Amino acid sequence: MRTPVYELHIRPMFRATDRAHMISDLDLWDYDTVVSQADDILDRLNNGMPPVTHGGPWPEEWIELFTRWKDGVRKRLELGTATYTFNQTATTVTITATGAFPSAGCQGWLQLDSETDTAKTYVLYVEQPDAPVAGTPAAFTLKERYRAADTRSVFVRDAMGVQQLH
């Protein structure tokens, strides 16, 4: 069974309505807050929160997944580092991230994080293996493609900050 990861499994379960309802008490979209308040959050979830007027209680499967994450290592993704190229043809734009993982057994990807009318921002995520893996960290080349008709500015957020590519 896969180890739950905050950014992949836990954070997406906190709906915007859940966050809005709780923001005065705690920020459900902040990893450190969720970690420090995990017992309180689970207690609320087990007692029928959020109420029907605010999106309704979570399904039992979500509560079980949150419990497994809370009682486990509370895994989260890391931000990677890379060099980036932006290549545009008549029909396609390709963003390429090239680098090396921080340790053996890692996986990584570029993920679209946000979009506005004028910009789109990707994040370079790295996931560590559940158990240490012997060996040398692997080099990577990750690509993201989209249609050239999309002329918005492009940013990438990684461990070094936010970089504008176009």
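Above this text sits the structure in question.
Residues numbered from 1 in each chain as written. Predicted model: local features only at pLDDT ≥ 70, side-chain atom pairs only at ≥ 80, totals over all residues. Heavy atoms only, no water.

Caption draft 1: Structural view of the packing of aromatic side chains. Counting across every chain of the model gives 10 aromatic pairs. Ring geometry for Y6 versus Y31: centroids 5.3 Å apart, planes at 80 degrees, classification edge-to-face. Within this pair, whereas Y6 is found in helix α1 (residues 6–10), its partner Y31 is found in helix α3 (residues 31–36), the two being separated by 25 residues in sequence. Classification of Y31 as buried rests on a relative accessible area of 15%. Considering the side-chain rings of F101 and F140, the 4.7 Å spacing of their centres and the 35 degrees angle between planes classify their relative orientation as tilted. Of this pair, F101 sits in the loop between β3 (92–100) and β4 (107–115) while F140 sits in strand β6 (residues 139–147); the two residues are 39 residues apart in sequence, bridging distant segments of the chain. Comparing F101 with F140, the two get one shared label, buried. Ring-pair connections join several aromatic residues into one group, and the members of that group are Y6, F14, Y31, W58, W62, F66 and W69. Between the NZ or CZ atom of R76 and the centre of the ring of Y31, over which it lies, the distance is 4.1 Å. Seen from the ring of Y146, K120 lies directly overhead, with NZ or CZ sitting 3.7 Å from the centre. (Phe/Tyr/Trp six-rings, centres within 6.5 Å; stacked < 30°, edge-to-face > 60°. Helix = DSSP H or I, 4+ residues; strand = E, 2+ residues; numbered from the N terminus. Buried < 20%, exposed > 50% of the residue type's maximum accessible area, 1.4 Å probe, protein only. Lys NZ or Arg CZ within 6 Å of the ring centre and 35° of its normal.)

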